[in-house]
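Listed below are the residues making up each chain.
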Amino acid sequence: MTGERSLLRQRARWILAIAGCLPVLVSAQVRVTGRTLDRSRMPVPHVDVRCEGDTAHAVSGADGTFLLPLSRGGDRVLILSGSGIALRRHAFTAGSGTTDVGALVVDTVRLLPAVTVSERDSSFGVTRLRGVEGTAIYAAKKNEVLVLVDIDANKAVNSARQVFAKVPGLNIWESDPAGVQLGVAARGLDPNRSANFNIRQNGYDISADALGYPEAYYVPPMESVERIEVVRGAASLQYGPQFGGLINFRMAAPYADGPLDVRSVNTVGSYGLFDSYNRVSGTKGRWSYLASYDRRTGESWRPNSGFDLHTGYAAVGFRPTPRTAFALEYTLFRYLARQPGGLTDAQFRTDPSVSLRSRNWFSADWNILALSADHRFSDRARLNVRAWGFLGSRDALGYVGDINRLDDLDAPRDLIHDAYRNAGAEVRYLRRDSIGPTAHAWLVGMRLYQGHTRKAQGYASTRDDADLSFTHPEALEGSDYEFPGTNVAAFAEDLIALPGARWRLVPGARFELLDTKAQGYYRRTSGTTLLPGLYAEGRSSTRSFLLLGIGVSRLLQGWGELYANVSQNYRGITFTDMRVVRTNQVIDPDLADERGYNADIGFKGRLGRWLNWDVSGFVLFYGDRIGQLQRADATYTIYRFTTNVGASRSIGAELFAECDVLRVLRGRDGGSHLAVFGSAGVLDARYTRSAYASVEGNHVEFSPPLTLRGGLTWRRRATSVTLQGAWTDAQYTEATNARFTPSAVNGLIPAYQVIDLSARHDFGHVELRAGVNNLTDEVYFTRRATSYPGPGILPAERRTFHVTVALSLHGSAQGG
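Everything numeric here is computed off the predicted structure, so don't read it as measured data. (Residues numbered from 1 in each chain as written. Predicted model: local features only at pLDDT ≥ 70, side-chain atom pairs only at ≥ 80, totals over all residues. Heavy atoms only, no water.)

## Side note on the overall build of the chain
Then comes step 1: In terms of regular secondary structure, the chain is built from 6 helices and 42 strands.
Then comes step 2: Taken over 816 residues, the chain has a buried fraction of 57%.
Then comes step 3: Of the contacts made within the chain by residues no fewer than 6 positions apart, 68% connect residues no fewer than 24 positions apart.
Then comes step 4: Carbon and sulfur atoms provide 60% of the accessible area of the chain, an area that totals close to 31600 Å². (Helix = DSSP H or I, 4+ residues; strand = E, 2+ residues; numbered from the N terminus. Buried < 20%, exposed > 50% of the residue type's maximum accessible area, 1.4 Å probe, protein only. Contact = heavy atoms within 4.5 Å. Areas by Shrake-Rupley, 256 points an atom, 1.4 Å probe, with all protein chains shown as cover.)

Set out below in structure tokens:
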């Protein structure tokens, strides 16, 4: 009887609550939206927003946005308050529909450490972009924002499977123990160095050559990143036509409450891992600054391995007026790694720890300088200009013959040297207007990019050290090419909020002009056999095209959104890969550009602080898809032939949900939280048309039919513990769907599962973290390499442990 009475009382409370809300719901034609920011223009979540004279209230989300129903229009006053927030009142005039008050700056107050931590209790590391952010439009686009401060992970090695766990459907390569070269893809695309994504840092390019060689040899240390913005294929209209979309690393902003903030994060772990990240930042008057340096060293669990990494980042900001801001940034990256090489299937089964290559090295050198300016003409109009320059290089050194052949230690090694010299600029202008009862957010922009890559290949010394110099630099044995390229693009989108502000349309277009050239010489091959003599060659290709797209969404009373979009995509061939001599790969000299489109339909939303979800379906069509075919040369050596295999179609679902179970059971915030999340990608990617009879109807390479990730995070005030698991289905590595080859370059990648455990406790100025990666010590691999750093199977890391100590000290806030 007691249980029945309790149930009746609970139902009665729900009925009374619903009845009390009915007057508000009936009159909710009048609403106000906005965003809460701090003085450094960063989102402030969990701000309580109410209007004088009304009983309804709203709470700003992780991105600072809120939507509040009003009982009437006219002159009103918003009251903003919350834990750690100075009370603020904001007068405005509410219209008959939805009124957007824009950005509301709130001041934070200093609190005890435990209270400060509790402000983050409802955030577990993932949120969404607003419909309009700065000078970008994200309405009706599938996207995720990963908030790094709320993610328990091994950030010392940029553990991608932990950091990106809540982005459903990602196929993640795990072959770099240093965590430098990010390899992610989705929807049946190739994860190789994330080349199918546009990779940016604070909005500017950081890949080797965005036009000629768009591979990510550098990503910033996760300790220096505030959030990661992921936008799927519909990003093609604003950020470039790649099929994968956009990944933008948003760096941490300078400390806003004083002239000096010092942070030092130091990690030790298995196999000699040592990482030390140190940062100073501050704000004084109109100026702000940040400088950081990261040093990372260690080895893999296999012999003949090791890495030494240096990353520096500096930024200076100047705000001459409240409406204008300038920023200058510099990134320095130095990386040297020794690679143990690949394995055959038999070697992997017998002893996956063995290394048959002792002379393989890899080096990268990155220098990026970026300047940005942001100006608000008014609350309705904003201009952003950014320009950047890039000088860099990469070197791959070693013996990369078939892995089932021993390394001839007396033979010269093969060296590929790339040198990059790129520059770009992008201008964006966004304006909000109303035409009759319809509200608009207009975005127009232009991009200019000039890339230049020099790629040279020849013999190097017979030694086993990192001597990155050619034996005969004046007469290279492989190839020597210059690859200049120019890209001019113009784009526009219009966010149209229809009367009532629930339906939104987002039509857009992008015009691209590409001019790519190649000039140099190379050594011809027959299959994988080198032929005598060098051959001079010159190529050029100029083309232009128009991409179109449209999105539509419907807002559901501020707690959910239905969205759909379709956008065209395009991927130009990269000359830079076409004349590299590889013993396990041959590239079709007549490669053609790829065209296609992405389409999404989904439902996303958030219920209070206890449930967050995004479930969607997608279709990706890929015409003239560049893929790999298994072939044999005259000596019956198996190799990959890269060509336009045919047309492919990927269809599937990307599902994510996260629930704070303890908040649901208690019905209130009781100090403890238990968040359970699930992330799933379901994929059917097949070749629908091909000139090769053995391909049509086959699975697309790198398209696991199912990827599952899930876990739980327990958090109480300053302590959190996260247990996370991942399971990835089997996948093929080339279009004929070969399951095995003696060289191990082609074949099946079997299904695998991994579990990670992380914990942390914040003592205030000191934070202690610890974790175990690959808790059950699984033996698996995610990649078969055609050449360096293989060739063959590249085993993933075994079980590792790490411990981190983070120190934070704040200086005086005077003088700011």
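Don't stop here, the text continues.
## Looking at the packing of aromatic side chains
Then comes step 1: For the structure on display, the rule yields 26 aromatic pairs.
Then comes step 2: Taken together, Tyr213, Tyr217, Tyr218, Phe333, Tyr335, Phe362, Trp366, Phe390, Tyr420 and Tyr788 form an aromatic cluster joined through their ring pairs.
Then comes step 3: Above the ring of Tyr213, the side-chain terminus of Lys455 is found at 4.7 Å from the ring centroid. (Phe/Tyr/Trp six-rings, centres within 6.5 Å; stacked < 30°, edge-to-face > 60°. Lys NZ or Arg CZ within 6 Å of the ring centre and 35° of its normal.)

## A few points about the nonpolar core
Then comes step 1: Among the nonpolar cores identified, the biggest contains 64 residues, and Phe164, Ile228, Phe249, Tyr335 and Trp366 are the most heavily contacted of them.
Then comes step 2: Tallying contributions element by element places strand β23 (residues 360-376) first for this core, with 5 residues.
Then comes step 3: Counting 17 residues, the second-largest nonpolar core is a separate cluster that includes Phe66, Leu70, Leu80 and Ala94. (Core = buried A, V, L, I, M, F, W, Y, C linked by side-chain atoms within 4.5 Å.)

## Some details on the sheet that holds strand β15 (residues 204-205)
Then comes step 1: Taken in spatial order, the 6 strands line up as β8-β11-β16-β17-β14-β15 in an open sheet, and their pairing is mixed. Strand pairing shows two members of the sheet lacking a second neighbour, β8 (126-127) and β15, which therefore form its edges.
Then comes step 2: Sheet analysis places strand β14 (residues 197-201) next to strand β17 (residues 245-251), joined by 5 bridges and oriented parallel. Looking across to β17, one finds that Arg200 is bridged to Asn248. (Pairing = 2+ DSSP bridges.)

## Describing the pairing of strand β41 (residues 792-795)
Then comes step 1: Pairing of strand β40 (residues 781-785) with β41, which is carried by 3 bridges, proceeds in the antiparallel orientation. The residue bridging Ala785 from the neighbouring strand is Gly792, located in β41.
Then comes step 2: Remark: 6 residues form the turn of the hairpin made by β40 and β41, two consecutive strands paired antiparallel.

## So, the confidence of the model for the chain
Then comes step 1: The predicted model of the chain has a mean per-residue pLDDT of 88, with 88% of residues at 70 or higher.
Then comes step 2: Here helix α2 (residues 113-118) stands out as the least confident element of the chain, with mean pLDDT 28; strand β20 (residues 287-298) is the most confident, with 98.
Then comes step 3: Across residues 109-122, where pLDDT falls below 50, the model places 32 contacts with residues more than four positions away in sequence or in other chains.
Then comes step 4: Low pLDDT, under 50, characterises residues 812-816; the stretch is placed with 13 contacts to residues that sit more than four places away or in other chains. (pLDDT = per-residue confidence, 0-100.)

## Section: the environment of Pro214
Then comes step 1: By the secondary structure assignment, Pro214 is in the loop between β15 and β16 (225-231).
Then comes step 2: The exposure class assigned to Pro214 is buried, which follows from its relative accessible area of 11%.
Then comes step 3: Along the primary structure Pro214 and Asn196 are separated by 18 residues, whereas in three dimensions their C-alpha atoms are 8.0 Å apart.
Then comes step 4: Residues contacting Pro214, with those up to four places away along its chain left out, are Arg193, Ser194, Ala195, Ser207, Asp209 and Thr574.

## Some thoughts on the pattern of salt bridges
Then comes step 1: A full pass over the atoms with the stated rule returns 54 salt bridges.
Then comes step 2: Ionic pairing is found between Arg769 and Glu223, a salt bridge with its closest N-O pair at 2.5 Å. One end of the pair, Arg769, is in strand β39 (residues 766-773); the other, Glu223, is in the loop between β15 and β16, with 546 residues separating them in the sequence. Considered together, Arg769 and Glu223 belong to a single accessibility category, that of buried residues.
Then comes step 3: Its salt-bridge partner being Glu229, residue Arg250 comes within 3.5 Å of it at the nearest N-O pair. Here the residue Arg250 occupies a position in strand β17, and Glu229 occupies one in strand β16, the gap between them amounting to 21 residues.
Then comes step 4: When salt bridges that share partners are traced, they join Arg35, Arg130, Glu133, Arg227, Glu229 and Arg250 into one network. (Salt bridge = Lys/Arg side-chain N within 4 Å of Asp/Glu carboxyl O.)

## Overview of the sheet that holds strand β1 (residues 30-37)
Then comes step 1: With mixed pairing, the 3 strands of this open sheet are ordered in space as β4-β1-β7. One side of each edge strand has no neighbouring strand; the edge strands of this open sheet are β4 (65-70) and β7 (98-105). Along the sheet, successive strands turn relative to each other by an average axial angle of 20 degrees, direction set aside. (Axes fitted to C-alpha atoms, helices over the stretch in contact; angles between N-to-C directions.)

## A word on the side chain of Gln238
Then comes step 1: On the secondary structure map, Gln238 appears in helix α4 (residues 236-239).
Then comes step 2: By relative accessible area, which is 1% here, Gln238 ends up buried.
Then comes step 3: A distance of 3.0 Å separates a polar atom in the side chain of Gln238 from a polar atom in the side chain of Arg428.
Then comes step 4: Here Glu493 takes part through its side chain, which lies 3.4 Å from a polar atom of the side chain of Gln238.
Then comes step 5: Sequence-distant contacts of Gln238, defined by excluding residues within four places in its chain, comprise Ala136, Ile137, Lys141, Arg428, Leu443, Phe491, Glu493 and Arg510. (Polar contact = N/O pair within 3.5 Å; in protein donor to acceptor, adjacent residues only side chain to side chain.)

## Quick look at a nonpolar patch on the surface
Then comes step 1: On the surface, Val268, Phe274, Phe763, Val766, Leu768, Val803, Val805 and Leu807 cluster together into a nonpolar patch covering about 650 Å² of accessible area.
Then comes step 2: Among the secondary structure elements, those contributing two or more residues to the nonpolar patch are β39 and β42 (800-810).
Then comes step 3: Element by element, the count of residues in the nonpolar patch is highest for β42, at 3 residues.
Then comes step 4: Take Phe274: it is sitting in strand β19 (residues 273-284).
Then comes step 5: When its relative accessible area of 35% is taken as the criterion, Phe274 is described as partly exposed. (Patch = residues over 30% accessible without salt bridge, like charges linked within 9 Å, V, L, I, M, F, W, Y side chains within 5 Å.)

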